[in-house]
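Secondary and tertiary structure notes
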Amino acid sequence: MKLAIKMAYRNLVGAGLRTWLNVIVLSFSFLVIIWMKGIITGWNHQAKVDMTNWEIGEGQYWQEGYDPHDPFTFTDSHAPVPEEFLGEIERGDMEPSLIAQGTIYPQGRLQSVMIRGIDPKQTIFMLPSYKLDTLVTGAIPSIIGSGMAKNLKVNVGDRVMVQWRDADGTFDASEIFITEIFTVSVPAVDQGQIYLSLDTLRSMLGLEGEATTLTYNNSEVTRPAVEGWVHKSKTELTSAVDELIKVKTAGTSILYIILITLAMLAIFDTQVLSIFRRQKEIGTYIALGYTRRQVVGLFTVEGTMYAVLAALLSAAYGLPFLAWQAKVGWTMPVDASEFGMAIAQTLYPVYSAGLVIGTVLIITTVTALVSYWPSRRIAKMNPTEALRGKIQ
Amino acid sequence: MLAAAAMLTLQIQGQDPDDILKRVERNMSSENRVFESTMTINGAHRSRTITSRTYAEGYTKSFTEYLSPAREQGTKMLKLGNQLWIYSPSTDRIIQISGHMLRQSVMGSDLSYEDMMDDRKLTELYTAALGGDEVIGGRKTWILDLTAKVSDVSYHSMKMWVDTERYVPLKEELFGSSGQLLKRTTFEEVEQIAGRWFPMKLTYKDVLKSGDGTEFTITSVQFNQKIPDYIFTKAALKQ
């Protein structure tokens, strides 16, 4: 085997440009596949981290009627905060949020909006909720996301009219004052949402002490089941991201297949050509006592070595590139906020050892198979004819 | 001068505001009605007119079919109690309007679907008080201040300018719980139809929204007609 590797290496290096063209194409495939997989892993990681920080914490309790995908449920999705959780809320380890529907009138236009009440002193979400404590005359302090601000065409310091219905269905309206605009990559936190102080919203709706969701920051704590509230673990709340990543992974796999196929086509052709041109050499090996299997093995090792050399080459120029990408990230050329999913404008690839080793192993195995395939012809060759260089 | 003012106050005081409201309702409501109307929506940049035919039974049931323009033709709306469905011929689908969709405006007008959902009499919802008098369009009116006497009401208070002779409102203002003015309606072209005074032109204005409001003109109206029961069914939407 050692001899086969040594000979394969010499043959490859001796082939010069033909070898290096194959190696370069294959190394490019290595790099692109690892980078793309890294981007998707990074997106998955970033989406879950952002959702944790901005929307779901480490898990939530939903009032039993609440379904964020069904606007029919919003009006009645509120209930008094269960006594079992009051201690945790007091310590700041759980945050109640109240959700109501309303209408906002930016520049006299009419637009539906979700009004969310949060405690200005909360620390579970990264929302700049402390800005809700701003003293404003004749208006309700409010914070909104940058996507919503762009949509409404408002800036910090602007006043906009908001109309809502209280728990009894009675209309009321007031101006809100935009005290802060935050940037977030989670659309559910930004698009169509305005944030007011929890106490203010409770008083506007006549729902003192009530909430729609309860978000906690520690999943290790054992909590009792509470009637009227449904527990949602972080895994459940991020399952949409997992589904999306699964679909995206399947989609990008097509690109991997194209890249690998191109590289394998080049290796296959090289192998066929090599076997055709080196028939005398094959005959000589057999005359020297090599079994047919050993000759097939030699050519297979030679082909597989493209993958090894490609891995080394891609490590040489790819590692600095991948490291640089992990640092600066990849900024998407289109506006990610309009994608409707938790995706940051700049994605930072995450490479795991499993990802790199797995990719190298898969490509090397495929290369070995592709190298072996044309080499099987050797087993059918007549050694005497081969030695004479007769085309078979 | 003072004597005239005192006389007027006495005259106003002599009126029972609840009785005025009842007489207004007698004019404005009917067991059922069929009417054709045009709705002109005056937006910030342009105006457009929509014509429709409506069948209504009391306050709880109504069926509207849009007749023009071509874009809206065939669109139908059915209201039964607190439920509302819309049929769109372009998609051939019936959708129920609920939740946040109720807050959307009807065909871009100053009326929201929610505004169409109130189905109780004013006398059941509000306590009336006389707040003064005013002349509107040359007609003498009493100003009724209506304050909600039940909690589940859309508007906490209303101000209604009622024609002192014909007992029809000539203007209405609707207020939120905080006293914020939300909607204003003016009533014009009052005609006597089948023994009742009825305004044929209404202008709705969502005061929070820009634009000149939505004009609603009734081109023909028939009261107390026999409306077939199938009209107020979801099946009628697709017919």
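Let me sum up the structure you'll find in this document. From a predicted model like this one, the values you see are computed outputs, not experimental measurements.

Parameters at a glance
- Residues numbered from 1 in each chain as written.
- Chains lettered and ligands numbered in written order.
- Predicted model: local features only at pLDDT ≥ 70, side-chain atom pairs only at ≥ 80, totals over all residues.
- Helix = DSSP H or I, 4+ residues; strand = E, 2+ residues; numbered from the N terminus.
- Buried ≥ 20, exposed ≤ 12 C-beta atoms within 10 Å, placed from the backbone.
- Contact = placed C-beta atoms within 7 Å.
- Core = buried A, V, L, I, M, F, W, Y, C linked by C-beta atoms within 7 Å.
- Nonpolar A, V, L, I, M, F, W, Y, C, P; charged D, E, K, R; others polar.
- Expected span 1.5 Å × (residues − 1).
- Arc of directions from axis to C-beta.
- Axes fitted to C-alpha atoms, helices over the stretch in contact; angles between N-to-C directions.
- Left-handed = near helix turned anticlockwise from the far one by under 90°.

**Structural notes on the overall build of chain B**
Along the backbone of chain B there are three helices and 13 strands. For chain B, with 239 residues in total, the buried portion stands at 30%. Once local pairs closer than 6 in sequence are excluded, the contacts in chain B between residues at least 24 apart make up 45%.

**A look at the nonpolar core**
All names here are of chain A. Counting residues in hydrophobic clusters, the biggest one holds 89 residues, and the most contacted among them are Ile144, Val160, Ile194, Tyr195 and Leu201. Ranked by residue count, the leading element in this core is helix H2 (residues 17-56), at six residues. Filtering out sequence-adjacent residues up to four positions away, Val160 remains in contact with Ile104, Tyr105, Pro106, Leu152, Val154, Glu175 and Ile176. Within the second largest apolar cluster, 30 residues are counted, among which are Ile275, Ile282, Tyr306 and Tyr351.

**Remarks on the interface of chain B and chain A**
Between chain B and chain A, the contact holds 22 residues from the first and 21 residues from the second. Its residues placed into classes, the side of chain B that touches chain A shows six nonpolar, 13 polar and three charged.

**Focus on the environment of Leu244 of chain A**
Residues and elements named next belong to chain A. Relative to the helices and strands, Leu244 resides in helix H8 (residues 239-277). By C-beta crowding, Leu244 is classed as partly exposed, having 16 other C-beta atoms within 10 Å. Through-space distance from the C-alpha of Leu244 to that of Asn44 is 9.0 Å; in sequence the pair is 200 residues apart.

**A closer look at the environment of Ser97 of chain A**
Residue and element names in this part refer to chain A. Along the polypeptide, Ser97 turns up in strand S3 (residues 94-105). Taking the C-alpha atoms as reference, Ser97 lies 20 Å from Thr235; in sequence the two are 138 residues apart. In this view, Ser97 contacts Arg116, Gly117, Ile118, Ala211, Thr212, Thr213 and Thr215; residues no more than four positions away in its chain are not counted.

**Some thoughts on helix H2 (residues 17-28) of chain B**
All names here are of chain B. Given a rise of 1.5 Å per residue, 12 residues ought to cover 16 Å, and the 16 Å separating the end C-alpha atoms of H2 matches this to within 8%. Listed as buried for H2 are Pro17, Leu21, Val24 and Asn27. Buried residues along H2 cover an arc of 120° about the axis, so they all sit on one side. Among the exposed residues of H2, those pointing more than 90 degrees away from its buried face are Asp19 and Arg26. Buried residues in H2 make contact with helix H3 (122-125), strand S7 (126-136), strand S8 (139-148), strand S9 (157-163), strand S10 (169-175) and strand S12 (196-206).

**Looking at the packing of H8 of chain A against helix H10 (residues 292-328) of chain A**
Residues and elements named next belong to chain A. Packing of H8 against H10 leaves a shortest axis separation of 11 Å and a crossing angle of 145°. In this structure, H8 meets H10 at a crossing whose hand is right-handed. For the pair formed by H8 and H10, the contact residues are Ile267, Gln271 and Ile275 on the first element and Phe299, Gly303 and Tyr306 on the second.

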